Amino acid sequence: MTKRASLRHRYLECKAYVFAHLANRMFKKQMRSKAATVSAMPQDT
Amino acid sequence: MAATKETKYSICTVCDIGCQLRSEAQDGKVSRVIAHDNPALAANICYKGTAVPLIHNHKDRLTKPLKRVGERGEDRWEEISYEQAMDEIAAKLAAITQKYGPESFAVSTSGWNTQTTHSLDRRFMNLLGSPNWISGVALCAGNTAAVNRLTYGWFPMGDLGSTNCIVLFGHNPRKHSWTPIYNAIRAAKARGAKVIVLDPRVSDQAEGADLHLRLKAGTDAAMCLGWLKVIFDEGLYDEAFVRDWCVGFAELKQRVDEYPLERVAQITGVPAEDIATAARMYAQADGAVIPWTPITDQQLSSTSAIRLHSILRAVTGNLDVVGGETLGGFSQTYIPESEIGLHERLSPQQKAKQLGYDDHPAFTYRVAEMLKEPTEKVWGFPYADIVMGCQMANPTSVFRAMVSEDPYPVKAFFCLGNNALLSYANQHQIHQAMLNQELIVAHEIFMTPTAMLADYVLPGDVFTERNHVADGWSWTTRLALSQKVVEPPAEASSTFQFWTDLAHRMGLGDEFPWTSLEDMLDYRLSRGGRTFAEFASETFMELAPPKFRKYRDTGFATPSGKVELASSVLGDLGFDPLPYYRALPGQSEEYPYLVFTGVREDPFFQTGQRNIESLRRRMPAPSLYLHTSDAEREGLIDGDWAKLSTPQGVVVAQIAVHETMKAGHIRVPHGWWYPELRGEASLAGAFISSDAVLCADSDEWLDHEQGVPHFKGFPGKVEKTTKPEQVTRTTAAHWQADQAVEAHAES
């Protein structure tokens, strides 16, 4: 593997790792904001 | 009072791909299924998914347990309570297994349809003492997983997000079939990734491919050997990886030398220079994937072809690297089904009775036992049941035993979410097998030809009626949430409930301590220190951060600890340790065409959904596809009805003439029957157009190592006929605006 290819792999590996963490945070954030929206809605009585 | 409306996250199980989407319910009924609200998932929905309210609320949905009152297959029933049904089933199963032995009990199931069994079927069978579990995954993905393990100990998942080259062996993901894969391929192409398609047809994917090799059906193994010849001769393989991490290279190279490109071109019908171009494109891509394909699963040389895919991944340095194919391993936060199944509790004597164990062991307990130690060493648990497929009985061996009672009687057969009669090769044998049973139980959401042959039919639940956390059967490394949005019918049960209730009635209750599906999910999530309620309030999906080149720390889960280009397991079992191409039994003057079956149509998944009006309108009758020149020769035009004959059987279907077909080939769709003929034709027309009638499973048509039948290129002939009299609803207009049905579903 060339040095350039090796660097590209390292970059893509880091990107994949960071993507998983960021995606997990994004999914959680979306759940929290959805829960907050639901709890702020007027409830049927 | 205002109408109550709820929206929940769901995983669709209408097909096997598991799209994440949202289900809405109004006043206790599913009212809509819509795309996910996360942009990364929003495109993953097809028209089968949006039809879910029409499926789940359909007027013909089974809601009451049924007990047979007529002759087997006569389709006459009385309604009984769930409790009575379970009491009687337990008593009869106990009597049968006591009389004939526990191995006389077989189960056929589809995890795609039942979703939440949590391997309790295997747990129940293992505790009872039966190894005879079969599934459609023996022909589709599960067997691929098992064969991949022979090479490097796990079943990898392609990294479509970073890859530079995608190779599709006959696989054709499109907008309404395998939708997430289709979307991922589109995204990869937009980034500049190349696509190579190997398919006799000009498929949807082939139309947009960078390279399309129109190989003869069933010759995948020869094609891969040709690729390896180019890769080895031109030094395009990863020498360091092969040197450090592979065994058997010299033997493999010698075998590959037996396949010069001229020979491969002659076998596959693809010019040698095209084969070489494709091999170079794949090997030089610096990140390439060969995603799983159902095509390679179903061929005479299936084991070799699957092994060759795995070998290509390894020697080109695409294994467990970014942009290549990664080995995920068990989830670290969710107890895998492999543990719940209690495979270690089935005795060696009973394992050795597994049907298929002696003749076709590749995905049976025989190989699972040989891989136990390395699997535990590398992955932390000895039994890796990936895609449910790594310790199955062989379906053909099971049906043969059901008919002949050789090597022993099989007398009780349970089918859960599985229309077994139409789901494996040699349908007439399966029919005979079912007629020779003392107890058949079906667990289904609609009446099927298989269920019509049962003694008891239990109504099942559907994905909008149950909670679940999906882990892709240990193939993927993500956890995804599916939430219940409505209650199931009062007498319906999940497969979790079915196996739990049966176990408690048969003295196995202590081993089934979970009181509800949520209790089971709490147990499985306990490995990550969470409950289901906590998981569901926290996220709808969790990705495990990827780790690459894990083998550097652990080695591979094979006996040698390395990638086995020559398989020691196959060698020890007396098979050829190296991959090879086995020639197809040839066409003849009588049967001049190559027929390929098992093909999925967009509106349907396997044998399902022919009763769903909005989907059936899209494809009201089964179509035989053939090339214009073949149609002309046979005097056939679009819309004619034709009889397709093979040495095994005869079906009729409507002709569809397509330039995109390869001349000399006929394509048959999978799983056709006619729900509308219930009460008018025997078993609702199960033998009129079903591809399983055409497929042989005699020894000459079975792959040696796995014993899977050959669906991709067997001899056949076609001739014009008239439409069968019973089949009347053959145009979209016949399925148009069935107001009563759709109003029922929507009300």
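Above: the structure in question.
Residues numbered from 1 in each chain as written. Chains lettered and ligands numbered in written order. Predicted model: local features only at pLDDT ≥ 70, side-chain atom pairs only at ≥ 80, totals over all residues. Heavy atoms only, no water.

### A few points about the overall build of chain A
Put simply, the rule is: Secondary structure is summarised from DSSP: a helix means a run of H or I of at least four residues, a strand means a run of E of at least two, and numbering begins at the N terminus for each. Each residue's exposure class comes from its accessible area (1.4 Å probe, protein chains only) as a fraction of the maximum for that residue type: buried when under 20%, exposed when over 50%, partly exposed otherwise.
A count of helices and strands for chain A gives 1 helix and 0 strands. The buried share among the 45 residues of chain A stands at 24%.

### Section: unusual backbone geometry
All names here are of chain B. The omega angle of the peptide bond from Asp406 to Pro407 is 10°, so this bond is cis rather than trans. Tracing the chain through its elements places Pro407 in the loop between helix H19 (395-404) and strand S15 (412-416). Located in the positive-phi region is Met388, a residue other than glycine, with phi close to 65°. Its location among the elements puts Met388 in the loop between helix H18 (372-379) and H19.

### A closer look at the environment of B:Asp461
All names here are of chain B. Quick reminder of the rule: Two residues form a contact once any of their heavy atoms are found within 4.5 Å. Pairing of N or O atoms within 3.5 Å defines a polar contact, subject to two protein rules: one partner must be a possible hydrogen donor and the other a possible acceptor, and residues neighboring in sequence count only if both atoms are side-chain atoms.
Note that Asp461 resides in the loop between strand S17 (456-459) and strand S18 (468-470). Residue class for Asp461 comes out buried when judged on its relative accessible area of 8%. With 43 residues separating them along the chain, Asp461 and Asn418 place their C-alpha atoms 14 Å apart. Each residue touching Asp461, except ones within four places of it in the same chain, is listed here: Arg61, Ile445, Arg466, Pro488, Ser493 and Ser494. A polar contact of 2.6 Å, which involves the side chain of Asp461, links it to the side chain of Arg466.

### A closer look at a nonpolar patch on the surface
What counts is decided by this rule: Exposure above 30% relative accessible area and the lack of any salt bridge qualify a residue for a patch; like charges then connect within 9 Å, and the nonpolar side chains Val, Leu, Ile, Met, Phe, Trp and Tyr within 5 Å. The Shrake-Rupley method, run with a 1.4 Å probe, gives the accessible areas here. Residue values count only the displayed protein chains as cover. By definition, a salt bridge exists where a carboxyl oxygen of Asp or Glu is found within 4 Å of a side-chain nitrogen of Lys or Arg.
A surface patch of nonpolar side chains, about 280 Å² in accessible area, is lined by A:Tyr17, A:Val18 and A:Leu22. Counting through the fold element by element, A:Tyr17 comes out in helix H1 (residues 3-40).

### Side note on the pairing of strand S16 (residues 439-444) of chain B
All names here are of chain B. Note the cut-off: For two strands to count as paired, DSSP must find a minimum of two bridges between them. Handedness of a crossover is defined as follows: with both strands directed away from the viewer, a clockwise route from the first strand across the helix to the second makes it right-handed.
Across the 6 residues of S16, 6 count as buried, placing the element largely inside the fold. Alternating residues of S16 divide into Leu439, Val441 and His443 and Ile440, Ala442 and Glu444, and every residue in both groups is buried. Here 5 bridges tie S15 to S16, and the two strands are oriented parallel to one another. Across the sheet, Phe413 pairs through a bridge with Ile440, a residue of S16. Viewed along the sheet, the connection from S15 through helix H20 (residues 427-435) into S16 turns out right-handed.

### With respect to the environment of B:Ile335
Residue and element names in this part refer to chain B. Structurally, the position occupied by Ile335 is in the loop between strand S14 (325-326) and helix H15 (337-340). For Ile335, a relative accessible area of 5% gives the class buried. Along the chain, Ile335 and Arg524 lie 189 residues apart, while their C-alpha atoms are 4.6 Å from each other.

### As for the nonpolar core
Most often, soluble globular proteins keep nonpolar side chains buried together rather than apart. All names here are of chain B. The cut-off we apply is this: Here, nonpolar core means buried Ala, Val, Leu, Ile, Met, Phe, Trp, Tyr and Cys residues that are tied together by side-chain atoms lying within 4.5 Å of each other.
Within the largest apolar cluster, 183 residues are counted, with the highest numbers of intra-cluster contacts made by Phe124, Trp227, Phe414, Trp499, Leu502 and Val718. Ranked by residue count, the leading element in this core is helix H9 (residues 220-233), at 10 residues. The next biggest cluster of nonpolar side chains, apart from the first, holds 19 residues, and it includes Cys12, Cys19, Val33 and Val52.

### Section: the packing of H9(B) against helix H11 (residues 249-256) of chain B
Residue and element names in this part refer to chain B. Going by this rule: Inter-axis angles, ranging from 0 to 180 degrees, are taken between N-to-C directions of lines fitted to C-alpha atoms, where helices are fitted over the stretch in contact. For this classification, under 35 degrees means roughly parallel, over 145 means roughly antiparallel, 65 to 115 means roughly perpendicular, and everything else is oblique. By the definition used in this description, the sense in which the near helix is turned from the far one sets the handedness, with an anticlockwise turn below a right angle giving left-handed and a clockwise turn giving right-handed.
At their nearest, the axes of H9 and H11 sit 9 Å apart, and the two run at 115° to each other. Classified by the angle their axes make, H9 and H11 are roughly perpendicular. Crossing of H9 against H11: the hand is left-handed. Side by side, H9 and H11 meet where Leu225, Leu228, Lys229 and Phe232 of the first sit next to Phe249, Leu252, Lys253 and Val256 of the second.

### Some thoughts on the packing of aromatic side chains
All names here are of chain B. Basically, it comes down to this: Pairing of aromatic side chains here covers Phe, Tyr and the six-membered ring of Trp, requires ring centres within 6.5 Å, and sorts the geometry by plane angle: under 30 degrees stacked, over 60 edge-to-face, intermediate tilted. To sit over a ring, a charge needs its Lys NZ or Arg CZ within 6 Å of the ring centre and within 35 degrees of the ring normal.
Scanning the model with the defined rule gives 28 aromatic pairs over all chains in all. Between Phe124 and Trp499, the aromatic rings sit 5.3 Å apart at their centres with planes inclined by 45°, giving tilted as the arrangement. Remark: Trp499 occurs in helix H22 (residues 495-505) and Phe124 occurs in helix H5 (residues 120-128); sequence separation between them is 375 residues. Like Phe124, the residue Trp499 is buried in the burial classification. Pairing Trp154 with Trp379 gives two aromatic rings, centres 4.8 Å apart and planes at 45°, and the pair type is tilted. With Trp154 in the loop between helix H6 (142-152) and strand S8 (157-158) and Trp379 in helix H18, this pair connects stretches of sequence that are 225 residues apart. Grouping aromatic residues by their ring pairs yields a cluster made of Phe105, Phe124, Phe414, Phe498 and Trp499. For Arg610, the ring lying beneath its charged end belongs to Trp672, and the centroid distance is 4.7 Å.

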